[in-house]
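Geometric and topological summary
Read off the chains here:
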Amino acid sequence: MPQGIVGEFLSLKEETDADLLAMQCGDFYEFFADDAETVGRELDLKVSQKSSHGSSYPMAGVPLDDLTPYLKALVERGYRVAVAEQYETDGGHAREVTRVVTPGTLLETSREDAQYLASVVREGDRYGLAFADVTTGQFLVTSVEGADAAGSELYRFDPVELLPGPEVRSDDAFLRRVRDQGVKLTTFETEAFAPGRARHALREQFGDAAESVGLGEGVTVRAAGAVLAYVTETNAGVTASMTRLRTYEPTDHLTLDATTQRNLELTETMHGDRSGSLVDAIDHTVTSAGGRLLREWVTRPRRDRDEIERRLDCVEALATHALARERLRDTLDGAYDLERLASRAAGGRADASDLLSIRDTLALLPSLAEAIEESALANSPLAEVVGRPDREAARDLHGELDAALADDPPKTVTQGELLRKGYDDELDELIERHAEIREWLDSLAAREKREHGLSHVTVDRNRTDGYYIQVGKSVADQVPEHYREIKTLKNSKRFVTDELEEREREVLRIEEARADLEYELFCELRTRIGERAELLQDVGRVLAEVDALVSLATHAAGQDWTRPTLTEPGPIEIEAGRHPVVEQTTEFVPNDLYMGGGVAASRERAGGHANEERDFLIVTGPNMSGKSTYMRQAALITLLAQVGSFVPARSARVGVVDGIFTRVGALDELAQGRSTFMVEMQELSNILHSATDESLVILDEVGRGTATYDGISIAWAATEYLHNEIRCKTLFATHYHELTSLAEHLPRVANVHVAAEERDGDVTFLRTVEEGATDRSYGIHVADLAGVPQPVVARASEVLDRLREEKAIEAKGGSSGAPVQAVFDLGSGQFAAEGGSGRTTETTEATATEEAASDGGGLDPELEAVLDELRGTDVNDTSPLELMGRVQEWQRRLDTE
Ligand code: ADP
Ligand code: MG
């Protein structure tokens, strides 16, 4: 171990588990050795060499007062940085780590989103989760069943740092998924997760309130306690902003698994860009707190109609009254981020301009309330929103800040001039005395000129000479006796007098006393403001809520969106719906959608006509015709309705769903070492396990990643399972036209297709969704559009024609004359003909199976064995993964023929 300063650095570093250590050395914070290299690289700091006891070490430093921005930059890049401070001792000085700044505990964040520190603990299949944002004081806890549900909540909150509890640390799969999300994983001491310790930590922070929020369950207590202990241990003072703890039930919100959140591109696109996401398209907020809340709403749509309708009432009132809305927007434009400022004040980190921002933002509350109460909005629930915080307390707090703070205070809080005259008697005296002396000093030059007949006299002050009288060289020999010369310059001489020195001492004394007193008064003021963090958070939350509602209304009014009618439960009925993001950049062709309310709705209803029974739509249509867009549009309209937003449609009735599940497109997750098909099957498996009869399921191409028969079989079986067992609302786009015959077998399945028109070999996509199935993909047409060389396109057409013919011949009852569609009938395990001479569409599943059984007579034994197994497989009782395995096995056996 090296000795000296580097040795001390390295041993301090060893004591902490931080990634980097900044150690105070006099007026600098220094990083040594590897840390210096890292910091130099990350922050573009100059790295020099430090010689210590015969060895040389890299060294990089930042001035004492400049640490914060560097810390922030390092922590926002995911480093945990320990800070060691130097303090005086009897025999010299010593150093000690005073805090560790981590991604989840950074107060000075420049992140727009919430900055959650999370912890997750596990007991059996039960997961406890806690999410704390020290920058706003949000602290939420919950518990869920199963790793997938825990993963979904983690994806929703998108924490910057996660503390996995002891049981979770060994769960590689779970942690890998979290790490892939870009979350900093921190191993925190196991004892902090112990139930007793955790409960104690919570009681210390929240008192009796800790019990009354109903933490009850062990897992939630442990998760919340660990978060709190971590914040307390790493970062002095930050816990003060955590004023309250809230439990929530995952069932308060729409279930959106991580895949669905990504697929629907709620906050970022599949490529990770914010631009092009749903939030980006609809965000008109003018404050960062409002933007944060809007993102929270979009990722956590509601399930309870009361809250949704309350928001819709607000949005409707705001959408209708443009003038009042604009007035609110203008008012909000001046608002600062009160929730974050409150945390800074509570953490003792706020400077005078922060307190000014608090003052000015508090002043907006009455204007906002007035704008609402004096307008047509008075009768909307918005009046209730602005009535929520304690307005009188807010006014008092504003008054206190207004009376205290100077108009244009300096950034540093230790050099005075922060506070207004009239705030404190003692301070006033100092200020007055200071002004008197300044006046005396200011008029001194004139007095000296007059009294001693000197020309060219100035009085000034600088660091080395203090106050001095400067006299031009030409008259320097005329100065009176009591002038003492202190310096000769090229054209002048500097003098002091006893009187001047005395005044100087007094000015310095007063300035020091004033700075000390002001700092003391400022800290007291800041503490008092920090103690009102909860009030400030309330007001901040209200401003954010009004901003988010105004934003929804602005978008609704500007884009001609409509208020959805919610039913619970009920059908989804969309007339002339659009995709909220695509419509912004495209001449969009609106489409209708009708899906019955599923079993839950028909239970509620006596009677009801047949059409209401359809709740499973198979969507076919050419490539690039708009299938995916149509389905996402349905999901997004449902989601927006449950956010409490208007929706892009002429009219929309939305039966509240409990969750939206999607599997869309082929995600390239190869980088994570999982094959695309495996991912696809895992996603399908998750949907089949999690969806309920009140869910909306969107399947965009299932089974594409494997051989055709595999794919069809899995898609077929999944359809039956969703329809028969889960009985959810489902939209299923597929290029397996064979599946469209399911509509004949399954009562609530219906076919729709995206229309295309073919004329003289040219295909036009109409973008309209029509009833019934289509069997054309126009893939070759797309290849042509994409510029594939003509000979290839022409040859592909030939091959396609040949294949069609062969299939037609192969198909039972096919005649070369009439057009024949080959339909793969899983009932028989063979292709059957449809169209032309026409087969009966009344065939039920049972009779199809019987027919197949009698047909199977003359088959070879291996094929028959496979068919037997296929028949004997209970789809409802077999997991998709197992099905997949079996199908592959059957295929292998049939292949050897
Ligand atoms: P598919 O899933 O059938 O291959 P997509 O849904 O991906 O097709 O749509 C292909 C393209 O067509 C998209 O880029 C989209 O912008 C456009 N599109 C889809 N639906 C519409 C519509 N209703 N109106 C206008 N453009 C649309
Ligand atoms: Mg598609």
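Keep in mind that what you see is a predicted model, and the values were worked out from it rather than measured. (Residues numbered from 1 in each chain as written. Chains lettered and ligands numbered in written order. Predicted model: local features only at pLDDT ≥ 70, side-chain atom pairs only at ≥ 80, totals over all residues. Heavy atoms only, no water.)

1. Points about the overall build of the protein
Heads up, the condition is: In this text, helices come from DSSP runs of H or I with a minimum length of four residues, and strands from runs of E with a minimum of two, each type numbered from the N-terminal end. Per-residue accessibility, obtained with a 1.4 Å probe over protein chains only, is compared with the maximum for each type, and a residue is labelled buried under 20%, exposed over 50%, and partly exposed between these values. We call two residues contacting when some pair of their heavy atoms lies within 4.5 Å. For every accessible area listed, the method is Shrake-Rupley and the probe measures 1.4 Å; residues are considered covered only by the protein chains on display.
A count of helical and extended segments in the protein gives 31 helices and 29 strands. Burial status across the protein gives 52% buried among its 897 residues. By sequence separation, contacts in the protein at least 24 residues apart represent 67% of the contacts at least 6 residues apart. For the protein, the accessible surface area stands at approximately 39,700 Å², while carbon and sulfur atoms represent 46% of it.

2. Focus on the packing of aromatic side chains
Threshold: A pair of aromatic rings is counted whenever rings of Phe, Tyr or Trp (Trp by its six-membered ring) have centres within 6.5 Å, and the orientation is called stacked for planes under 30 degrees apart, edge-to-face for over 60 and tilted otherwise. Note on criteria: charge over ring means Lys NZ or Arg CZ within 6 Å of the ring centre, with the direction from the centre no more than 35 degrees off the ring normal.
Scanning all chains against the criterion turns up 10 aromatic pairs. Between Phe 139 and Phe 206, the aromatic rings sit 5.9 Å apart at their centres with planes inclined by 55 degrees, giving tilted as the arrangement. Taken together, the residues Phe 139 in strand β9 (residues 138-145) and Phe 206 in helix α6 (residues 195-206) connect sequence positions 67 residues apart. Look at Phe 206 and you get buried, because its relative accessible area is 10%. Taken together, the aromatic side chains of Tyr 116, Phe 131, Phe 157 and Tyr 248 make up a single cluster linked through ring pairs. The residue whose ring lies beneath Arg 494 is Tyr 468, and the NZ or CZ to ring-centre distance is 4.1 Å. Its end group placed over the ring of Trp 440, Arg 503 keeps NZ or CZ at 4.5 Å from the ring centre.

3. A look at the sheet that holds strand β2 (residues 28-32)
Within a sheet, neighbouring strands are paired by backbone hydrogen bonds and run either parallel or antiparallel to one another. Note the threshold: At least two DSSP bridges between two strands are required for those strands to pair. Axis lines are fitted to C-alpha atoms, over the contacting stretch for helices. Their N-to-C directions set the angle, which ranges from 0 to 180 degrees.
One open sheet holds the six strands; their spatial order is β3-β4-β2-β1-β5-β6, and the pairing between them is mixed. A single partner strand is all that each edge strand has here, and the edge strands are β3 (48-52) and β6 (92-101). Averaged over neighbouring strand pairs, the angle between their axes works out to 35 degrees when direction is ignored. Two elements, β2 and strand β4 (residues 55-63), share five bridges in a ladder whose sense is antiparallel. Each bridged residue has a counterpart across the sheet, and for Phe 31 the counterpart in β4 is Ala 60. Docked against the sheet, helix α2 (residues 33-43) engages β1 (20-25), β2 and β4, running at close to 105 degrees with respect to β2.

4. Comments concerning the sheet that holds strand β15 (residues 466-472)
Taken in spatial order, the four strands line up as β14-β15-β17-β16 in an open sheet, and their pairing is antiparallel. Of all the strands in the sheet, just β14 (457-462) and β16 (484-488) have a single pairing partner and so form its edges. For this sheet, the mean angle separating the axes of adjacent strands, direction not counted, is 35 degrees. Bridge analysis of β16 against strand β17 (residues 492-496) gives four bridges, and the strand direction is antiparallel. Directly across from Glu 485, in β17, lies its bridge partner Phe 495. Strand contacts of helix α19 (residues 425-452): β14 and β15, with the helix running at about 145 degrees to β14, the strand carrying the most contacts. Helix α20 (residues 498-531) contacts β14, β15, β16 and β17 of the sheet and is inclined by roughly 145 degrees relative to β15.

5. Here we look at the confidence of the model for the protein
Low-pLDDT stretches of the model should not have their predicted coordinates read in fine detail. For the record, the criterion: pLDDT expresses how confident the predictor is about each individual residue, on a scale running from 0 to 100.
Counting all residues, the mean pLDDT for the protein is 85, and 89% of those residues have values of 70 or more. The secondary structure element of the protein with the lowest average pLDDT is helix α29 (residues 845-855), at 40, and the one with the highest is helix α10 (residues 278-282), at 97.

6. Structural notes on the pattern of salt bridges
What counts is decided by this rule: Each salt bridge in this description consists of a side-chain nitrogen of Lys or Arg and a carboxyl oxygen of Asp or Glu lying within 4 Å of one another.
Inspection of the entire model under this criterion finds 68 salt bridges. Here Arg 122 and Asp 171 are joined by a salt bridge, their closest N and O atoms 3.4 Å apart. A residue pair is termed long-range when its members are at least 10 positions apart, and Arg 122 in strand β7 (residues 117-123) and Asp 171 in the loop between β10 (161-164) and α5 (172-180) qualify at 49 residues. Arg 122 gets classed as partly exposed once you look at its relative accessible area, which sits at 26%. A relative accessible area of 19% places Asp 171 in the buried class. With its nearest N and O atoms 3.1 Å apart, the salt bridge here joins Glu 339 to Arg 292. Of this pair, Glu 339 sits in helix α14 (residues 338-346) while Arg 292 sits in helix α11 (residues 288-299), and the two are 47 residues apart along the sequence. There is no split in this pair, since Glu 339 and Arg 292 are both buried.

7. Quick look at the side chain of Asp 337
The criterion, for reference: Polar contact criterion, stated in full: a pair of N or O atoms within 3.5 Å, where within protein one must be able to donate a hydrogen and the other to accept it, and residues adjacent in sequence count only if both atoms are side-chain atoms.
Relative to the elements of secondary structure, Asp 337 occurs in the loop between α13 (322-332) and α14. On the basis of relative accessibility, which here comes to 12%, the residue Asp 337 falls in the buried class. At a separation of 2.8 Å, a polar atom in the side chain of Asp 337 contacts the side chain of Arg 292. Leave out the neighbours within four places in its chain, and Asp 337 touches Ser 288, Ala 289 and Arg 292.

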